[in-house]
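Each chain, letter by letter, is given below.
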Amino acid sequence: MKTKPLTCLLSLPFLFLFSCAASLNSTTVSSIAIAPVELGSSVHILLPDAMIESKKVQEYLRNELNKLGFSKGEYDNSKVILTFLVKFLGSKKHDYSLSTPVYGLVIDPATGVQSQIVTGYNQHFGSYTTNANEIRIQFHNGELFRKKDKNSILWEAVGKKDGFSPYILKKAPYMVTNILTQLNKNSDAKNVLWKPDTVIK
């Protein structure tokens, strides 16, 4: 009987961190719709640089665009040019405290049956670190973009996400999916929940 409460107490910090992880499985999306992005259009994804992170994010983007019915196009003839930027925003330390009960045994004099009661509480302290990342996506009118027209943007969105890993590639599939669920919409820091069935393999 003494080991059950102890097992429970040891698992509380892990449950706390698990609940924190669950709360991080969402992306805060802000977007602005200037002109409609026509679904099914040909899209060329313009890489911001030659970094492996950008190439991987390009793969996630292409997969999601395919699901939305967009076709792959070349720079010279695509109806839409998509640009994106991936960015690490920094780390933040979080402190937490947990109050856990202390158990004692009492014996019923009449029956001799043992039972447990709470005799006090212990305070536990700890910390964990989260890392924030950002992906910014812009859909441009291809013809205007190629002419370097400043009014080429059709829709722009930025997705920000915290998590335990500092690496953007750990979060990019969720972020890309969540950002594109807002396509053609105006959104002011809308929290989009992560859904396991939308993970890009």
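Residues numbered from 1 in each chain as written. Predicted model: local features only at pLDDT ≥ 70, side-chain atom pairs only at ≥ 80, totals over all residues. Heavy atoms only, no water.

## A short note on unusual backbone geometry
Logical step 1: The phi torsion at lysine 148 lies on the positive side, around 60°, for a residue other than glycine.
Logical step 2: Inspection of the secondary structure assignment puts lysine 148 in the loop between helix 3 (142–146) and strand 6 (153–163).
Logical step 3: Given a relative accessible area of 72%, lysine 148 falls into the exposed group.
Logical step 4: With a phi angle near 70°, asparagine 184 is a residue other than glycine that sits in the positive phi range.
Logical step 5: When you line up the elements, asparagine 184 lands in the loop between helix 4 (168–180) and strand 7 (187–193). (Helix = DSSP H or I, 4+ residues; strand = E, 2+ residues; numbered from the N terminus. Buried < 20%, exposed > 50% of the residue type's maximum accessible area, 1.4 Å probe, protein only.)

## A closer look at a nonpolar patch on the surface
Logical step 1: Together, Tyr103, Val118 and Tyr121 make up a nonpolar patch on the protein surface, roughly 320 Å² of accessible area in all.
Logical step 2: Tracing the backbone through its elements, the reader meets tyrosine 121 in strand 5 (residues 114–141).
Logical step 3: Judged by its relative accessible area of 57%, tyrosine 121 falls in the exposed class. (Patch = residues over 30% accessible without salt bridge, like charges linked within 9 Å, V, L, I, M, F, W, Y side chains within 5 Å. Areas by Shrake-Rupley, 256 points an atom, 1.4 Å probe, with all protein chains shown as cover. Salt bridge = Lys/Arg side-chain N within 4 Å of Asp/Glu carboxyl O.)

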